[in-house]
Amino acid sequence: MYELTKNTLKGWINEALAAAKEKGELAFSSIPDYVIEEPREKEFGDFAANAAMLMAKEARMAPRKIAEIIVSNLKTEGTFIREIHVAGAGFINFRLDGSQLVKVLEMIDEQKENYGRIDMGKGEKVMVEFVSANPTGPMHMGNARGGALGDCLASVLDWAGFDVCREFYINDAGNQIEKFANSLEARYIQELKGEDAVEFPEDGYHGEDIRVHAKNFIGLYGDSYLDKPSEERKKALVDYALKINIDALKTDLEKYRIYYDVWFHESTLHENGKAREVVDELTARGCTYEKDGAVWFKATDFGEEKDEVLVRANGFLTYFAVDVAYHRNKLIDRGFQTAINIWGADHHGHVARLKAAMAALGIDPNRLEVILMQLVRLVQGGEVVRMSKRTGKSITLNDLLEETSIDAARFFFNMRQANSHFDFDLDLAVEQSNDNPVFYVQYAHARICSILRLLAQENIAVKAAKEVDLTLLKEEQEVDLMKLLARFPEEIRSAAIAREPSRITRYVMDLAAGFHTFYGACRVKTEDMALMDARLVLVAATKTVLKNALSVLSIEAPEHM
RNA sequence: GCGCCCGUAGCGCAGCUGGAUAGCGCGUGUGACUCCGACUCACAAGGUCGCAGGUUCAAAUCCUGUCGGGCGUACCA
């Protein structure tokens, strides 16, 4: 709504500029890329344009003078503009009459659960790949953060009009799986023949879950694999345990309200030969060479500091090579215009070389976007808890969800930008106290529901926005609340552009605050029936927007608390 | 050494495609329900935007340097 108003204002200013140029009052070659913004200070009006300042240099004229010329050429009589002032360094400030803002309530009433959706993406295919935890054990706190960030980013993009695919990349091949196999095998033998029968691999997975897999495997197959060749034994153990682990990942993520469109198995890239092919393709393009028995990618040709190994001397493909194949698959074979990955910051060294490989394959590297997320530190009792999958002492996503609410966890992880260090205070999260802002937001929604319930008992219903005189909403708190409601689609846009779902979290907090302030200042249930009708429309609209914004974050909007 | 990220109020963070008096939450202090849910609201105190230069009509925002913290810099994933 307000976006429309801004465009209207811009159109008028552009006309005024053209007129001034025509009359010879102002000299310029082209209109600069100025902005219409909502000033922080209310005394400056509802909107402000900075066009005059940007033109000062070329026009060789004081910004204020230019602003005066623009204003003198503006034709706003009979429109919704109430006042225009030139202020400060040369801002043109506009004040609107009540008719514009109120339209947002009608719009919300019409669009309901779709209010906030925009067509910025125009159906473009975007993939968001996130979590992609190793299936060798349970998910940790970093996965919890990545899950909340990735899922909400995908939602934001969906609301912004993109065709979004959520994908989980299962690393079911390679070195980690080898370690997993060796660990399982050792535990299997130890279970049957005693702890000393075989040495546990030093770099293996020491977690209790490995023992549990071994025990359960024995429950099913007994010692029948003891005499089999190691390779066969390991394969059976891995096939068994991997399936259980992947199913567990799915279950845990669904509990966290994350549903993937695609679970992509790394192993398929090995089985269908695509991983090898990509090395061949790079070679055909003259981007590889052999050294010390390994095949190297000439990353230095693409601005990197050093080259990267694609095929190790032992003939195995590196993780890097497979990842190149995987991203080629995303961007070419499956036709995603953009592939966004959420990665832990410890992977950042990998970003530039993967982009370099995309460039080498003739793919615009900007189509691959990596959002780096600082790893979460878990704090309990004022002390940092080390997280390590291998010690078996880590706190898992599952633990987290048992100890706090899903709503709180998702909200918490989306309060900060991905790229900021984040201490997750478990004590606070477990407390479910009022310190947690999710309750503040949910309370606003429940409070509205309570008002509507109370009035419904007296047979007072919310009328359609069009049938009500909304211009009665003139109190400062009412106007502020309407402005907040009007902001929602723009928040979706900026969150999508910045790839930053935390903006929605912050917005929903602002909106809740705006409602609570309104509630403190204005009574909905009042003697003045016309005013009550108008306020009911405002309150119902607030409820809709709160619910919509929370749904972007997959957080519940409760009717009672 | 080199590269990336972060340094804004006591604490945790926004703001960073340059714009008018730098915001929010927690905490602290003082107030507000016989009245729509006080899980709330109002007011107040609290800042050399790490530091130093530079660009600009205008710098928390852009550039350079510097200090402090995190993370990378594997024929690991």
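Keep in mind the model is a prediction, meaning the values are calculated, not measured.

## Regarding empty space enclosed by the protein
Thought 1: Evaluation of the coordinates by the stated rule reveals one cavity of 30 Å³ or more.
Thought 2: Looking at the largest cavity, its volume works out to about 70 Å³.
Thought 3: Contributing to the lining of the largest cavity are Leu269, Lys274, Glu277, Val278, Glu281, Ala325, Arg328, Asn329 and Asp333.
Thought 4: Taken together, the elements giving at least two residues each to the lining of the largest cavity come down to α10 (274-284) and α11 (319-333).
Thought 5: Taken together, the residues that form the lining of the largest cavity break down as three nonpolar, one polar and five charged.

## Concerning the pattern of salt bridges
Thought 1: For the coordinates displayed, the defined rule picks out 34 salt bridges.
Thought 2: Between Asp252 and Lys255 there is a salt bridge, with the nearest N and O atoms lying 3.9 Å from each other. One end of the pair, Asp252, and the other, Lys255, are both in helix α8 (residues 230-255), three residues apart, so they sit about a helical turn from each other.
Thought 3: Residue classification places Lys255 among the partly exposed positions, given a relative accessible area of 40%.
Thought 4: Through salt bridges with shared partners, a single ionic network connects Glu281, Arg285, Arg328 and Asp333.

## What about unusual backbone geometry?
Thought 1: Backbone geometry at Lys122 places phi at a positive 50°, although glycine is not the residue there.
Thought 2: Of note, Lys122 is situated in the loop between α4 (103-111) and β5 (125-129).
Thought 3: Residues other than glycine seldom take positive phi values, yet Arg257 does so here, at roughly 65°.
Thought 4: Along the chain, the position of Arg257 falls in the loop between α8 and β7 (262-265).

## Topic: the nonpolar core
Thought 1: Ranked by internal contacts, the top residues of the largest apolar core, which has 148 residues, are Phe94, Leu105, Phe413 and Phe424.
Thought 2: With twelve residues, helix α19 (residues 529-552) is the largest single contributor of residues to this core.
Thought 3: Ignoring anything within four residues of it in the chain, the contact list for Leu105 reads Ala465, Leu470, Leu473, Met482, Leu485, Val537, Leu538 and Ala541.

## Section: the protein's contact with RNA strand B
Thought 1: Inspection of the region around RNA strand B gives 55 residues, with Phe91, Arg312, Arg416, Tyr443 and Arg447 positioned closest.
Thought 2: Among all atoms of RNA strand B positioned within 4 Å of the protein, those belonging to sugar or phosphate total 60%.
Thought 3: The separation between a phosphate oxygen of RNA strand B and a polar main-chain atom of Tyr319 is 3.0 Å.
Thought 4: Val524 places a main-chain nitrogen or oxygen 2.9 Å from a base nitrogen of RNA strand B.
Thought 5: For the surface near RNA strand B, the secondary structure elements donating two or more residues are α2 (51-59), β4 (91-96), α6 (175-193), α12 (348-360), α16 (437-457) and α18 (502-521).
Thought 6: Tallying contributions element by element places α16 first for the surface near RNA strand B, with seven residues.
Thought 7: Looking at side-chain class alone, the surface near RNA strand B contains 21 nonpolar, 18 polar and 16 charged residues.

## Points about the confidence of the model for chain A
Thought 1: Counting all residues, the mean pLDDT for chain A is 89, and 96% of those residues have values of 70 or more.
Thought 2: This model gives residues 387-392 a pLDDT under 50, and the stretch forms 20 contacts once residues within four places in sequence are excluded.
Thought 3: Scoring the predicted complex yields pTM 0.92 and, for the interface, ipTM 0.93.

## Here we look at the layout of surface pockets
Thought 1: The space that makes up the second largest pocket amounts to roughly 860 Å³.
Thought 2: Lining the second largest pocket are 34 residues, and of these Tyr2, Glu38, Asp46, Asp480 and Lys483 sit closest to its centre.
Thought 3: Secondary structure elements with two or more residues in the lining of the second largest pocket: α1 (2-22), β4, α17 (476-498) and α18.
Thought 4: Per element, the largest residue contribution to the lining of the second largest pocket is ten residues, and it comes from α17.
Thought 5: Looking at the lining of the second largest pocket residue by residue, the class counts come to eleven nonpolar, four polar and 19 charged.

## Thoughts on the sheet that holds strand β9 (residues 294-297)
Thought 1: One open sheet holds the three strands; their spatial order is β8-β9-β10, and the pairing between them is antiparallel. At either end of the open sheet lies a strand with only one pairing partner, and these are β8 (288-291) and β10 (308-311). The average undirected angle you get between the axes of adjacent strands in this sheet is 45°.
Thought 2: Examined bridge by bridge, β9 and β10 share three bridges and lie antiparallel to one another. Bridge assignment links Trp296 to a residue of β10, and that residue is Val309.
Thought 3: In the packing of α10 onto the sheet, contacts are made with β8, β9 and β10, and the angle to β10 comes to roughly 125°.

Scoring rules and cut-offs
- Residues numbered from 1 in each chain as written.
- Chains lettered and ligands numbered in written order.
- Predicted model: local features only at pLDDT ≥ 70, side-chain atom pairs only at ≥ 80, totals over all residues.
- Heavy atoms only, no water.
- 1 Å grid on protein atoms, 1.4 Å probe; cavity = no way out; pocket = protein on both sides within 12 Å on 5 of 7 lines; lining within 4 Å.
- Points joined across faces, edges and corners; volume = space filled by probe spheres on them.
- Helix = DSSP H or I, 4+ residues; strand = E, 2+ residues; numbered from the N terminus.
- Nonpolar A, V, L, I, M, F, W, Y, C, P; charged D, E, K, R; others polar.
- Salt bridge = Lys/Arg side-chain N within 4 Å of Asp/Glu carboxyl O.
- Buried < 20%, exposed > 50% of the residue type's maximum accessible area, 1.4 Å probe, protein only.
- Core = buried A, V, L, I, M, F, W, Y, C linked by side-chain atoms within 4.5 Å.
- Contact = heavy atoms within 4.5 Å.
- Near = heavy atom within 4 Å.
- Polar contact = N/O pair within 3.5 Å; in protein donor to acceptor, adjacent residues only side chain to side chain.
- pLDDT = per-residue confidence, 0-100.
- Pairing = 2+ DSSP bridges.
- Axes fitted to C-alpha atoms, helices over the stretch in contact; angles between N-to-C directions.

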